[in-house]
Structures are given as C-alpha cells and as structure tokens.
Amino acid sequence: MTKNALFKVAALLLAVGLSSQTPAWGENRFGSQGPEGSPNRRQDWLVPTQDQITPSRAVLFRPPGKGPFRLAVIAHASTQNRLARAQMPQPEYAALASVLVARGFAVLVPQRLGHGKTGGPYLEDQEGCDNAEYAMSARSTAEAITTALTFMRTQSFVRKDASVIVGHSAGGWGALALTDRSPKDISAIVVFAPGRGGRADDRASNICAPEKLIAAATEFGEDARVPVTWLVAENDSYFPPEFSKRMADAFIEAGDDKVDFKVLPAFGNEGHWLAEAGDAGAMMEQIIANTAGLTVQVPVAQGAAVKGKK
C-alpha cells in the first residue's frame, strides 16, 4: 500500500474513533440552513460525510408540494490540485438540476470532503501515474455519495427507493462504483465523462495511467446491476470519446450490457464542462428525456440532437 493510501486509511480510522463524540458544531445542524429561494425552492443544507465530523455543504432543489419525491444526487468533478480544490465554489449544476426538478425529482448537490467550504480531509486522492489507485479513489467518492443519499432518505419529502445518481468527471467515476447496488435502490446512473487523471499536465487527451482506468472500469462492470447512461461531448479533452468508449466497452464486457453510451455534440470550447454549464438547458432536456429510469412528467423542449455511438 502506498504512503498516501496509508494516510487515507489512518484518516478514516481517526474519524471512526471520533464518531462516538458529538461534533463541535452539533448533530442538530444537519438539514436545512435557511429559507427556500429561487430557482426551484433552492435551499442550503448540511449533510453528513463519511468522516462523521465534517458536514458537507450542499444545495437542495425540489418541486412544489410535500412529496415524497424521488431523489437525484449530483456528484461533482474534482481535481488533484490542492489549491484549486480549496477554492472550489459550491457546485449547483443549475441547468441539470432544473430539468430533473421539472420531472419530479428532489435534487441534492453535496460538496464532498476536501473541497471548497466543506473542507476536511481529501479522501479521494488517486495517487500519481506510476501508482494510480483509481478503484480506491472511486470507492471513496461512492461512499460520500451513499452517505448523503442515506441521510436524505430520512427526510419525509424524499422517497426511499428509485433514486438516481448523476456524476460528472470524478463524480461520475465514483458513481460507477455504485452500479452493484439493487436497481430498486438506485434505478439509474447517469455519468458525464467519468474518469480520473484526465488532461494530465494540462495537455489535451493526455490521460494518466489510462490502462489502470480501463482495468478499474472492468472491475466495476463485473458486478453491475444498475443501468448506466454514459455521456461524453465530442470536444472533451479530458476523456475524449474514443477513450471513453474503451472504458465503457471494458465495463460492458466484464458483465451484462447495461450501458447506453452516447457521444454528445461539441459544447463550447471544452466539452468536459457541459454537465455544469448554465447555458446547456436545451441539451439537458434531450439527455434526460432519453435516459431510461427517469420519469418524464412534462413535454420535452426542443434542443440539440443527441448522437449515439455503440
């Protein structure tokens, strides 16, 4: 086990040792942190994290009414750059969240440990190229998603089944580690350009230890049970369509064919940021409308066509 991996294990053990103590900020701080606002009843929340002492800062959106609503959890992208992580703004994925709310979902966007104002230990470190720990990194992200999901299901306005996980980049990579769950628990997973180590040294299409990503994708596919929609923009320079297709194929070949792989039209100057772009609403309408497991409750707006590749 590498030095950084040992450090992460020690951090988790420390967290477990402290979990019996009441956090300094008080357990009653979990939940809403202020009034609802616009759009879509936007509200700041605090939700638990896997270290049990650092709350995740999150944003919640939901439809009108009391529910119970199906829950969608959006898992954000990440970076290995410590300064960039510390300065990360609160993720909201406004266009994507708006489309999901219109279809009857309550949408939670939690900021994971080691990012922005959430702070705390960064448990998702993928290590360097020579000793990349992509599977371990994904499972740490998956644990963060699961912790937030489990807490939100204790809320009266949230259904306890048929949740959807939407992941972007590193968040999507972590979502793939949840494909072994029961489809009754998580009904669909949607990932936008999932992976780790993309655009290494800030060079387009330069991927750190690509074969280790392929191997980890194979590992996740072996026990996959939840249907996956795997999306990547034509001009994604982090995980280009050709490489993303290799990962998706490895995932499929390891188990049952549960992946709907699609290449989306080029978006802006860098397609990797499509998922979080505020001006991508029309394309998001088309994506969500064509994703299995998502109930369409309103007419779909006209938007950019989605091109499929198998």
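No experiment lies behind these values; they were computed from the predicted model shown.

Asks: Lay out the overall build of the protein in plain terms, naming residues and giving numbers.
Replies: Regarding its fold elements, the protein presents eight helices and ten strands. By residue count, 56% of the 310 residues in the protein fall in the buried class. For the protein, the share of sequence-separated contacts (at least 6 apart) that also reach a separation of at least 24 residues comes to 70%. As displayed, the protein offers around 13200 Å² of accessible surface, 52% of which is attributable to carbon and sulfur atoms.

Asks: Lay out the state of the cysteines in plain terms, naming residues and giving numbers.
Replies: Each disulfide consists of one covalent bond between the sulfur atoms belonging to two cysteines. In the structure shown here, the tally under the stated rule is one disulfide. Residue Cys 129 pairs covalently with Cys 208 via a disulfide, S to S 1.9 Å. With a gap of 79 residues between them, Cys 129 in the loop between strand S5 (105-110) and helix H4 (134-152) and Cys 208 in the loop between strand S7 (186-192) and helix H6 (210-222) connect regions that are remote in the sequence. The class of Cys 208 is buried, set by a relative accessible area of 6%.

Asks: I'd like a rundown of the nonpolar core, residues and numbers included.
Replies: Formed by 57 residues in total, the largest nonpolar core has its most connected members in Met 152, Trp 173, Ile 189, Phe 220, Trp 230 and Met 247. Looking at this core, the element that brings in the most residues is H4, giving nine residues. When near neighbours in sequence (up to four residues on either side) are disregarded, Ile 189 contacts Ile 165, Ala 175, Leu 178, Thr 179, Val 226, Pro 227, Val 228 and Thr 229.

Asks: Describe the confidence of the model for the protein, with residues and values.
Replies: In this model, the protein carries an average pLDDT of 88, and 85% of its residues clear a pLDDT of 70 or more. Within the model, pLDDT remains below 50 along residues 296-310, and this stretch shows 39 contacts once partners closer than five positions in the same chain are excluded.

Asks: Any chance you could break down the layout of surface pockets for me, citing the residues and the numbers?
Replies: In this structure, the largest pocket encloses a volume near 620 Å³. In this structure, the largest pocket is lined by 31 residues; those nearest its centre are Ser 78, Thr 79, Gln 80, Tyr 238 and Trp 273. Of the residues in the lining of the largest pocket, the class split is twelve nonpolar, 13 polar and six charged.

Asks: How would you summarise the pattern of salt bridges if you had to cite specific residues and measurements?
Replies: The tally for this structure, following the rule as stated, stands at 15 salt bridges. For the salt bridge of Glu 211 with Arg 246, the shortest nitrogen-to-oxygen distance reads 2.9 Å. Taken together, the residues Glu 211 in helix H6 and Arg 246 in helix H7 (residues 241-254) connect sequence positions 35 residues apart. For Glu 211, a relative accessible area of 48% corresponds to the partly exposed category. By sharing partners, the salt bridges in this structure join Glu 36, Arg 41 and Arg 62 into a single network.

Asks: If you had to explain empty space enclosed by the protein to someone new, which residues and values would you point to?
Replies: Under the counting rule described, the total for this entry stands at four cavities of 30 Å³ or more. Pro 48, Thr 49, Gln 50, Ser 56, Ala 75, Pro 110, Gln 111, Arg 112, Leu 113, Ala 144, Ile 145 and Ala 148 together form the lining of the largest cavity. Tallying contributions element by element places H4 first for the lining of the largest cavity, with three residues. For the lining of the largest cavity, the class distribution of residues is seven nonpolar, four polar and one charged. There is about 60 Å³ of room inside the second largest cavity. The wall of the second largest cavity is formed by His 168, Phe 192, Ala 193, Leu 231, Val 232, Ala 233, Asp 236, Leu 264, Gly 271, His 272, Leu 274 and Ala 275. Here the lining of the second largest cavity gets three residues from one element, more than from any other, and that element is strand S8 (residues 228-233). Classifying every residue of the lining of the second largest cavity gives eight nonpolar, three polar and one charged.

Asks: Kindly report on the packing of H6 against H7, identifying the contributing residues and their values.
Replies: Packed helix pairs are specified by the crossing angle of their axes together with the interaxial distance, meaning the distance between the axes. As a packed pair, H6 and H7 sit with axes 7 Å apart at the nearest point and diverge in direction by 35 degrees. Note that H6 runs across H7; the crossing there is right-handed. For the pair H6 and H7, the contacting residues are Pro 210, Glu 211, Leu 213, Ile 214, Ala 217, Thr 218, Phe 220, Gly 221 and Glu 222 in the first and Phe 243, Arg 246, Met 247, Ala 250, Phe 251 and Ala 254 in the second. A per-class count over the contact of H6 with H7 returns ten nonpolar, two polar and three charged.

Asks: How would you sum up the pairing of strand S3 (residues 56-61)? Please name residues and give values.
Replies: Most of S3 is tucked away, with five of its six residues classed as buried. Where strand S2 (residues 43-47) lies against S3, five bridges are found, and the strand directions are antiparallel. When the bridges of S3 are listed, Leu 46 appears paired with Arg 57.

Asks: I'd like a rundown of the packing of aromatic side chains, residues and numbers included.
Replies: Under the definition given, this model contains five aromatic pairs. A centroid spacing of 5.6 Å and a plane angle of 55 degrees characterise the contact between Phe 30 and Phe 151, whose relative ring orientation is tilted. Taken together, the positions of Phe 30 in the loop between helix H1 (3-18) and strand S1 (31-32) and Phe 151 in helix H4 put the pair 121 residues apart, joining distant regions of the chain. Its relative accessible area of 15% is what places Phe 151 among the buried residues. Relative to Trp 273, the ring of Tyr 238 has its centre 5.5 Å away and its plane inclined at 75 degrees; by these criteria the two rings are edge-to-face. One end of the pair, Tyr 238, is in the loop between S8 and H7; the other, Trp 273, is in the loop between strand S9 (259-264) and helix H8 (281-289), with 35 residues separating them in the sequence. Above the ring of Phe 157, the side-chain terminus of Arg 62 is found at 4.1 Å from the ring centroid. One residue, Arg 85, lies across the ring of Tyr 122, its end atom 3.5 Å from the ring centre.

Each value, and the rule that gives it
Residues numbered from 1 in each chain as written. Predicted model: local features only at pLDDT ≥ 70, side-chain atom pairs only at ≥ 80, totals over all residues. Heavy atoms only, no water. Helix = DSSP H or I, 4+ residues; strand = E, 2+ residues; numbered from the N terminus. Buried < 20%, exposed > 50% of the residue type's maximum accessible area, 1.4 Å probe, protein only. Contact = heavy atoms within 4.5 Å. Areas by Shrake-Rupley, 256 points an atom, 1.4 Å probe, with all protein chains shown as cover. Disulfide = S-S within 2.5 Å. Core = buried A, V, L, I, M, F, W, Y, C linked by side-chain atoms within 4.5 Å. pLDDT = per-residue confidence, 0-100. 1 Å grid on protein atoms, 1.4 Å probe; cavity = no way out; pocket = protein on both sides within 12 Å on 5 of 7 lines; lining within 4 Å. Points joined across faces, edges and corners; volume = space filled by probe spheres on them. Nonpolar A, V, L, I, M, F, W, Y, C, P; charged D, E, K, R; others polar. Salt bridge = Lys/Arg side-chain N within 4 Å of Asp/Glu carboxyl O. Axes fitted to C-alpha atoms, helices over the stretch in contact; angles between N-to-C directions. Left-handed = near helix turned anticlockwise from the far one by under 90°. Pairing = 2+ DSSP bridges. Phe/Tyr/Trp six-rings, centres within 6.5 Å; stacked < 30°, edge-to-face > 60°. Lys NZ or Arg CZ within 6 Å of the ring centre and 35° of its normal.

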